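# Summary of the model geometry
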Amino acid sequence: MVWPAATRTYALLPLAVGYAWALGQGALEPVALLWLALLWAAGLAVRASGPAWRMGAGHALFIVLAAGLSLHLLPGFHNVQAIAGARYTADAVPFNMYLNLDKPLVAFWVLLALAPPMAAADAATTLRSALLACAAAAAVCLGVALAAGLVGWAPKWPAQGWLWLANNALLVTLAEEALFRGYIQQQLAARWGHRHGGAALAIAVAAALFGLAHLGAGPQWVVLAGLAGVAYGVAYRYGGLAAAVLAHLGLNTLHFAAFTYPLRALPG
């Protein structure tokens, strides 16, 4: 099931209103409009009806913008810090959370410009794909993290939990899954799908890049995120973007609610 093209046009209206409000409130600077304009240009360039060179230029432009927005390198965005230095357990490192205005633009572009498969042919397949992927990722990633002492068993639901959950659902997992599965995996699968093992290779490459995106948290998280990315990639292949997002959100929520979050502080 793919997002109908007609509805994507109307989706631009609330998006424009929201960012116009942010501009009026000072959360955006005028320079941010340049990145929005370039995203618009990239979206026009990748239309299937265009020549190959224009499509290639559009994809290249989007990749550069996606990297800059995801890594918060492009100026003009004042992301609000919603949680500052919170310690949810005594042994945890302090946790900070921002309500990002730049990173979600990556997801909006993928959804509006390319409309990757949003779900499987039926809701049961989408839900089953999400649950199986989440269970596999939790067993492997949280199991390894627990065995390695990176996290400990710590059931909790702090007062900031609902804010964390909303942010994780709308601004974190959707943005990351749209980029790594809805864009990278989808584009690679379209090019390699006719080859033997092409779909599996697309999952592996997208998962490896997803792992590398977590390098700032340490090499151990590169490995764990890469393993989780494989599960999300399988969920996407069989259940669409909704399954990948639900699997990712499920693992993150289990980590937040039941284990040390984000990880244990180093002794001393």
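Conventions used here
Residues numbered from 1 in each chain as written. Predicted model: local features only at pLDDT ≥ 70, side-chain atom pairs only at ≥ 80, totals over all residues. Heavy atoms only, no water. Buried < 20%, exposed > 50% of the residue type's maximum accessible area, 1.4 Å probe, protein only. Helix = DSSP H or I, 4+ residues; strand = E, 2+ residues; numbered from the N terminus. 1 Å grid on protein atoms, 1.4 Å probe; cavity = no way out; pocket = protein on both sides within 12 Å on 5 of 7 lines; lining within 4 Å. Points joined across faces, edges and corners; volume = space filled by probe spheres on them. Nonpolar A, V, L, I, M, F, W, Y, C, P; charged D, E, K, R; others polar. Salt bridge = Lys/Arg side-chain N within 4 Å of Asp/Glu carboxyl O.

Another point: helix 4 (residues 104–114). In terms of burial, helix 4 is largely enclosed, as 8 of its 11 residues are buried. Along helix 4, the positions that sit buried rather than exposed are Pro-104, Leu-105, Val-106, Ala-107, Trp-109, Val-110, Leu-111 and Leu-112. Immediately downstream of helix 4, the backbone of Ala-115 shows phi near 45°, a positive value.

A word on the layout of surface pockets. Computed from the structure, the largest pocket encloses a volume of approximately 1,600 Å³. Looking at the lining of the largest pocket, the elements with two or more residues in it are helix 3 (52–70), strand 2 (95–99), helix 5 (123–147), helix 6 (161–192), helix 7 (198–212) and helix 8 (219–258). A per-element tally of the lining of the largest pocket places helix 6 first, with 11 residues. Split by residue class, the lining of the largest pocket holds 34 nonpolar, 11 polar and 2 charged.

Our next topic: the pattern of salt bridges. Oppositely charged side chains can form a pair if their charged atoms are brought close together. Taken as a whole and assessed by the stated rule, the structure comprises 3 salt bridges. Note that Lys-103 is salt-bridged to Glu-176, the shortest N-O span being 2.8 Å. Of this pair, Lys-103 sits in the loop between strand 2 and helix 4 while Glu-176 is found in helix 6, placing the two residues 73 residues apart along the sequence. There is no split in this pair, since Lys-103 and Glu-176 are both buried. Between Arg-181 and Glu-177 there is a salt bridge, with its nearest N and O atoms 2.8 Å apart. Linking Arg-181 with Glu-177, this pair stays in helix 6, spanning 4 residues, or about one helical turn. Arg-181 sits in the buried class, given a relative accessible area of 0%.

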